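Notes for the structure review
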Amino acid sequence: MIKNEYIPFPSTIKEIIKHTDIEYTFRMSYEGEVKPGQFFEVSLPKFGEAPISVSGYTNDSVDLTIRKVGKVTDEIFENYVGDKLFLRGPYGNGFDIDTYKGEELLVVAGGTGLSPVRALVDHFATNIDEVKRLHIVAGFKSEEDILFIDDIKRWEKTSNLVLTLDKNENNYLAKTGLVTEHLPNISFDDISKTVAVVVGPPMMMHFTVLKLLEIGFKEENIWISHERKMCCGLGKCGHCKIGDTYVCLDGPVFKYTEGKLLID
Amino acid sequence: MGYIIENKNLDLLIDKLREDYLVYAPMRYKGQGEFSDTDSIRYGEIKKASDLELEAKSEHTFKEILMPISETLFYYTEDEVKVAEAHNTKEALVFVRSCDLHSLSRLDNIYLNNGFGDFYYKRLRDKLKFVLIGCEKSYDNCFCVDMETNKSDKYAFSIDIRDGKAYFDVQEEALLKYFESVESQKADVSPLYVTENQTRVKLPSPENIDVNFINDHELWREYDKRCIGCGRCNFSCPTCTCYTMQDIFYQDNGKAGERRRVWASCMVDGYTDVAGGGAYRKRNGDRMRFKVLHKVYDYKKRFKDNNMCTGCGRCDDVCPEYISFSNSINKLYDATKGGRDD
C-alpha cells in the first residue's frame, strides 16, 4: 500500500521568534532528515495549506519562517492560539551543503528569501573553514523588515557581509540601496570560480543574476530557488509546473543553467 | 477468446457481470445537453444493456471515476484526522474507447510515477478493469491516428455492436466465465479501430522546440482575446489531472470539517496565484501555450513516453469559443518549421 502523503502530522510549536510585525519564525518539533531550502506544507485545517521553507533545523526541530500574506498565514498570525500546527514534508530538493564546500561562496538574499538559505549560510558562517570565503548580501525594504538580525550580527564576524536597505533612514549597521548595487563593490578572490546562491522575489532574482553575469560570474556557478503555488508538494496538483519541470519535485533549488529555461 | 452474443441476450451478460462488478460506461442523459433538446453523453453506472451509449462520443471522460471532480481526502476535528473512505470499494469495469485507454497511461504516470505515489488514486485504480469500445468510425474532431492512439492491444475485453449482435474479444481469463454463462457463439473477434481521421495534426519535433523562441511567439496572442479562460477544455480532457486543495468546515461545528481536492484548470484565473498577490501567465494566450506545450511536448520530454494528448478532440467539441486544439498543434508545428511530416 502506498503511504498516504496527504495526511499531515501534528507538530508542537516550541518557540516563536518575532522578527517583524508580519514575519515570525515558528520553531516546530520535528525529528528527521531535512535540508535547507526544502519546504513543509503547513496545514491549518479549515483554512488550508501553505508551502513554507525550512529556515533552520536541529535534531528535534525545524524553523519555519512565516510571513503573514495569505489566507492560511493570516489565520496563523491573527487568530491562532493553539500550541501546534499540522505539517507534511519535507518536500523539494533543497540546498546540498556538500555542493558548496571548498568554494568561494556568495549568498544574495532578498527579504524573506533569506529563510530558505539561512541554514546554509549559518552552516558555513559557523564552519568557516569549510569554504574558501563567504560573502553575504542581505537586502530588506527598510529597517522594520530586517529578519534574523541576531544571526546577521553573528555571521558578520566570520564572513564578508553586506546588509542593505532599499530605504535607509538612519540605520548605521546597514548600507543603502538594492542588493544589485553592492555586488560590483565586493572583492572576490576569483570571480570566475565563485559560486553564488540567489534567493528572493522574482524581480530581485532576475536582476541579481543579470548583474552577477555582468560582473563575471559563470552561469553554471549560480544557484536559484523558485517560489510557486503548490497544493500538494508531491508532483500531482500541477500548479507549480513550468515546462517539463515540477518545482516541488525537481526544485525549488535549481542551477541557473536549468532555471533560466523555466519560463512561465 | 472471441464471443458473439445476440443483442437480446446482452442484458443477461450485464446482469452476470454486475453480480461482481460495478459497470461504468457512457450513458445518454436525455435533455441534459448544453443546448435545448440535446442530450448529454457522459459516464454513469449502467444497469442494463440499453443504458450503454456506444454510438455517440462522450463529452466527458472516464477520469471522473478515478479522480472524482471533488474528492474528500480526510476529515478533521480539533485533534485528529481520519482518512476518507473510497467512493467505490467494489471492483469495476469501465468502458472506454482506444484513445481513452491510452489516456489511462498518462494518468498513471502523473499519479503513480511522478515522484510520490498517490494513495487515493491507487486505491481506486486497483479496482478497475478496462473494456475497449471498438470504433467503427471516426467522430468529429478526433485525431487519434496522428496521435497513435487509435489502436489498443490490452484490455479486459473489447466490445463492438453491429447488425444486432455484440462482438467480444475477452483477454482476461477471469472474465471468460461470464461469457460462457450466457448464450454465446465462439468466434475470432478483434475490435474495430479507425485508420484515418478527417482532422489531421502535424506534431512538432521536440528538437525543434526552443522555449525561448516559442514562448514569445506571436501565435499565442490570437488566444489572448479568443479564449475566455473557462477551463472546459481541461475538464473534458482525459489526461488533465490538476487539482486544488479545498478545506471546508461544518456549520454546526466550526472546528470540524474536511479537506478535499477539486479539479483545477490551468486556463482559469487563480491557477498560479501565490500568497502576496503574485501570479504567473496572466494572459490567456500564455495559458494556451502552457497547455499546448504540455500536451505535445513537456509531458513526453519528462516521461520519455508518448505525447500526453491522445487526440480525442473533446476540447474542440466543448470549447464555447470554437478554439480548435488540433489547429493550435498545427500552428505550433508551422511555427517550429519542421518536424514529422506526413
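Residues numbered from 1 in each chain as written. Chains lettered and ligands numbered in written order. Predicted model: local features only at pLDDT ≥ 70, side-chain atom pairs only at ≥ 80, totals over all residues.

This part is about the overall build of chain A. Each helix and strand counted, chain A has 8 helices and 15 strands in total. Computed over the C-alpha atoms, the radius of gyration of chain A is 18 Å, within 12% of the 18 Å expected from 2.2 N^0.38 for a compact globule of 264 residues. Considering only C-alpha atoms, chain A reaches an extent of 50 × 45 × 35 Å along its principal axes. Looking at chain A as a whole, 50% of its 264 residues are labelled buried. Partitioning the intrachain contacts of chain A with sequence separation of at least 6 by distance along the chain shows that 68% fall at a separation of at least 24. (Helix = DSSP H or I, 4+ residues; strand = E, 2+ residues; numbered from the N terminus. Rg over C-alpha atoms; globule rule 2.2 N^0.38 Å. Buried ≥ 20, exposed ≤ 12 C-beta atoms within 10 Å, placed from the backbone. Contact = placed C-beta atoms within 7 Å.)

All names here are of chain A. On domain assignment, one finds that chain A holds domain 1 (9-91) and domain 2 (97-225). On a C-alpha basis, the centres of domain 1 and domain 2 stand 24 Å from each other. In this assembly, 12 residues from domain 1 lie in contact with 13 residues from domain 2. Within the residue set of the side of domain 1 that touches domain 2, elements represented by two or more residues are strand 4 (48-58) and strand 5 (61-67). Here the side of domain 1 that touches domain 2 takes 5 residues from strand 4, the largest share from any one element. Each residue belonging to the side of domain 1 that touches domain 2 can be placed in one class, and the counts come to 3 nonpolar, 7 polar and 2 charged. (Domains from an automatic or database assignment. Nonpolar A, V, L, I, M, F, W, Y, C, P; charged D, E, K, R; others polar.)

Turning our eyes to something else, we now look at the packing of helix 10 (residues 284-303) of chain B against helix 12 (residues 325-336) of chain B. Residue and element names in this part refer to chain B. Close contact between helix 10 and helix 12 brings their axes to 11 Å; oriented N to C, the two are set at 85°. For the element pair helix 10 / helix 12, the angle class is roughly perpendicular. Facing Met288, Val292 and Val296 of helix 10, the residues of helix 12 in contact are Ser328, Ile329 and Leu332. Counted by class, the contact of helix 10 with helix 12 contains 5 nonpolar, 1 polar and no charged residues. (Axes fitted to C-alpha atoms, helices over the stretch in contact; angles between N-to-C directions. Parallel < 35°, antiparallel > 145°, perpendicular 65-115°, else oblique.)

On to the nonpolar core. Within the largest apolar cluster, 113 residues are counted, with the highest numbers of intra-cluster contacts made by Leu64, Val107, Val117, Ala196, Val198, Ile222 and Ile224 of chain A. Among residues more than four places away in sequence, those in contact with valine 107 of chain A are Val117, Val121, Ile136 and Val197 of chain A. (Core = buried A, V, L, I, M, F, W, Y, C linked by C-beta atoms within 7 Å.)

In this assembly, 33 residues from chain A lie in contact with 38 residues from chain B. With 3 residues, the top contributor of residues to the side of chain A that touches chain B is strand 4 of chain A.

A few words now on the environment of lysine 18 of chain A. Residues and elements named next belong to chain A. Here lysine 18 is to be found in strand 1 (residues 9-18). Using a count of 9 C-beta atoms within 10 Å as the deciding quantity, one classes lysine 18 as exposed. In this structure the C-alpha to C-alpha distance between lysine 18 and tyrosine 80, which are 62 residues apart in sequence, comes to 15 Å.

Residues and elements named next belong to chain B. Sheet architecture is open: 4 strands sit in the order 5-4-12-11, paired in antiparallel fashion. The open sheet has two edge strands with one neighbour each: strand 5 (81-83) and strand 11 (243-250). Neighbour-to-neighbour, the strand axes of this sheet turn through a mean angle of 30°, independent of strand direction. For strand 4 (residues 70-76) and strand 12 (residues 253-263), the ladder comprises 6 bridges, and the chain directions are antiparallel. In the sheet register, tyrosine 76 faces strand 12, and the bridge partner there is glycine 257. (Pairing = 2+ DSSP bridges.)

Turning next to helix 6 (residues 202-214) of chain A. Along an α-helix, residues three or four positions apart point the same way, because every turn accommodates 3.6 residues. Residues and elements named next belong to chain A. For helix 6, spanning 13 residues, the distance from its first C-alpha to its last is 18 Å, which sits close to the expected 18 Å at 1.5 Å a residue. What helix 6 keeps buried is the set Met204, Met205, Thr208, Val209 and Leu212. With its buried residues spanning 125° around the axis, helix 6 presents them on a single face. Turned more than 90 degrees away from the buried face of helix 6, the exposed residues are Met203, Leu210 and Glu214. (Expected span 1.5 Å × (residues − 1). Arc of directions from axis to C-beta.)

Let us now look at the sheet that holds strand 12 (residues 222-225) of chain A. Residue and element names in this part refer to chain A. Pairing within the open sheet is mixed, and its 7 strands lie in the order 10-9-8-7-11-12-15. Whereas interior strands pair on both sides, the edge strands pair on one side only; in this sheet they are strand 10 (175-176) and strand 15 (253-255). Bridging between strand 7 (residues 104-110) and strand 8 (residues 133-140) involves 7 bridges; their strand directions are parallel. If you follow leucine 106 over to strand 8, its bridge partner there is histidine 135. Strands strand 7, strand 8, strand 11 (195-199) and strand 12 of the sheet are contacted by helix 3 (residues 114-126), whose axis makes an angle of about 150° with strand 7.

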